[in-house]
Amino acid sequence: MPTITTPDGVDIYYVEHGTGQPIIFSHGWPLNSDAWAQELKVFADAGYRAIAHDRRGHGRSSATTTGNDIDTYARDLAALVEALDLRDVVVVGHSTGGGEVVRYAAQYAAGRVAKVVTIGAVPPQMVANDANPDGVPIEVFDGIRESVLKDRSQFWKDLSESFFGANHGRDVSQGAKDDFWRMGMTADLVSAYDCVKAFSETNFVEDLKALEVPIFIGHGDDDQIVPLANAAEKSIKLVKDGTLKIYAGAPHGVHGDFQQQWQKDVLAWLA
């Protein structure tokens, strides 16, 4: 398997297809780079060097009890970019991956990033607190942690329904839901548990303000996992050069007609 090793000794698995300007995809929780399988082909066919990696503790990367936080995820991404000596990079992130690429581009990119793309991303901050009173109550995330610890296999099956909007009537195959469960089961339990704090409590406000490159922010208006009003609609107000695209009726999971349209929009925006 192609891997790079981070400065703290964690092996990060990655996959790539195509040649051209590099574009790196960072996945959501609790998934892995397989979530980007279709994008790897579509963007490679469009003339990009398409790369996706498994976050530490997820998929084929090392399980670890340390570094399950956004700062370390961003540094891991920096290690991958530097190991492959990539420049003029487009970084794309879904959900937790959206936070990862925003933090990376703002703090660790060292001039290597050309553009940023997020979809259903967690910035600027999910959890409710004094600075974010309309956020998601901490009790919701405590419940997620409890479910992951108690019976993660059943939790992934249950979560796939709202992730893809199947519970709101979207046409989602059993195969897609099974694949979500499969990827979730490859995530190390400790890493999956700790990642809940990373994606829910990290504050990305200053990262968004610090971005010096253009960002395309996409979000479904039926996202039951990362609510639109608490995420993309706030993020667009914080960046210097942002494009916001709201997808009517779209869920959190990038799937089906939503996925096809989003791919076309990103390719057009990059061009």
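Nothing here was measured: the structure is a model prediction, and the numbers come from that model. (Residues numbered from 1 in each chain as written. Predicted model: local features only at pLDDT ≥ 70, side-chain atom pairs only at ≥ 80, totals over all residues. Heavy atoms only, no water.)

Could you give an account of helix H1 (residues 37-45), naming the residues involved and the relevant values?
Among all positions of H1, only Glu39, Leu40, Phe43 and Ala44 are buried. The arc that holds every buried residue of H1, seen down its axis, measures 120°, which confines them to one face. In H1, the exposed positions that point more than 90 degrees away from the buried face belong to Lys41 and Asp45. The elements touched by buried residues of H1 are strand S2 (11-17), strand S3 (21-26), strand S4 (48-53) and helix H9 (256-270). (Buried < 20%, exposed > 50% of the residue type's maximum accessible area, 1.4 Å probe, protein only. Helix = DSSP H or I, 4+ residues; strand = E, 2+ residues; numbered from the N terminus. Arc of directions from axis to C-beta. Contact = heavy atoms within 4.5 Å.)

Tell me about the sheet that holds strand S5 (residues 89-94), residues and numbers included.
Taking strand neighbours across the sheet as the criterion, the eight strands line up as S1-S2-S4-S3-S5-S6-S7-S8 in an open arrangement whose pairing is mixed. Two strands lie at the open edges of the sheet, namely strand S1 (3-5) and strand S8 (242-247), each paired on one side alone. Neighbouring strand axes in the sheet, compared pairwise and without regard to direction, differ in orientation by 20° on average. One ladder, built from six bridges, connects strand S7 (residues 215-220) with S8; its direction is parallel. Bridge pairing in S8 links phenylalanine 216 to threonine 243. Helix-sheet contacts for H1 involve S2, S3 and S4, and the interaxial angle to S4 is about 165°. (Pairing = 2+ DSSP bridges. Axes fitted to C-alpha atoms, helices over the stretch in contact; angles between N-to-C directions.)

Hey, could you go over the pattern of salt bridges for me, with residue numbers and the actual values?
According to the stated counting rule, one finds 21 salt bridges in the structure shown. We note a salt bridge from arginine 87 to aspartate 85, for which the minimum N-O separation is 3.5 Å. Given the relative accessible area of 48%, aspartate 85 is considered partly exposed. Across the pair arginine 103 and aspartate 207 runs a salt bridge, and its minimum N-O distance is 2.8 Å. A residue pair is termed long-range when its members are at least 10 positions apart, and arginine 103 in helix H3 (residues 96-108) and aspartate 207 in helix H7 (residues 205-210) qualify at 104 residues. (Salt bridge = Lys/Arg side-chain N within 4 Å of Asp/Glu carboxyl O.)

Now, about the pairing of strand S6 (residues 113-119): what can you tell me, with residues and values included?
Within S6, six of the seven residues are buried, which leaves it mostly tucked inside the rest of the structure. Pairing geometry for S5 and S6, over six bridges, is parallel. When the sheet's bridge partners are listed, glycine 93 is paired in S6 with threonine 118. In terms of handedness, the path from S5 via H3 over to S6 forms a crossover that is right-handed. (Right-handed = clockwise from strand over helix to strand, strands pointing away.)

Now, about unusual backbone geometry: what can you tell me, with residues and values included?
Cis rather than trans, the peptide bond between tryptophan 29 and proline 30 has omega equal to 0°. For the bond running from proline 123 to proline 124, omega is 5°, close enough to zero to count as cis. If you trace the backbone, proline 124 turns up in the loop between S6 and helix H4 (138-163). One non-glycine residue, aspartate 88, adopts positive backbone phi at about 60°. Mapped onto the secondary structure, aspartate 88 falls in the loop between helix H2 (70-83) and S5. Its relative accessible area of 46% is what places aspartate 88 among the partly exposed residues. A positive phi angle, close to 50°, is found at alanine 110, a residue other than glycine. Along the chain, alanine 110 falls in the loop between H3 and S6.

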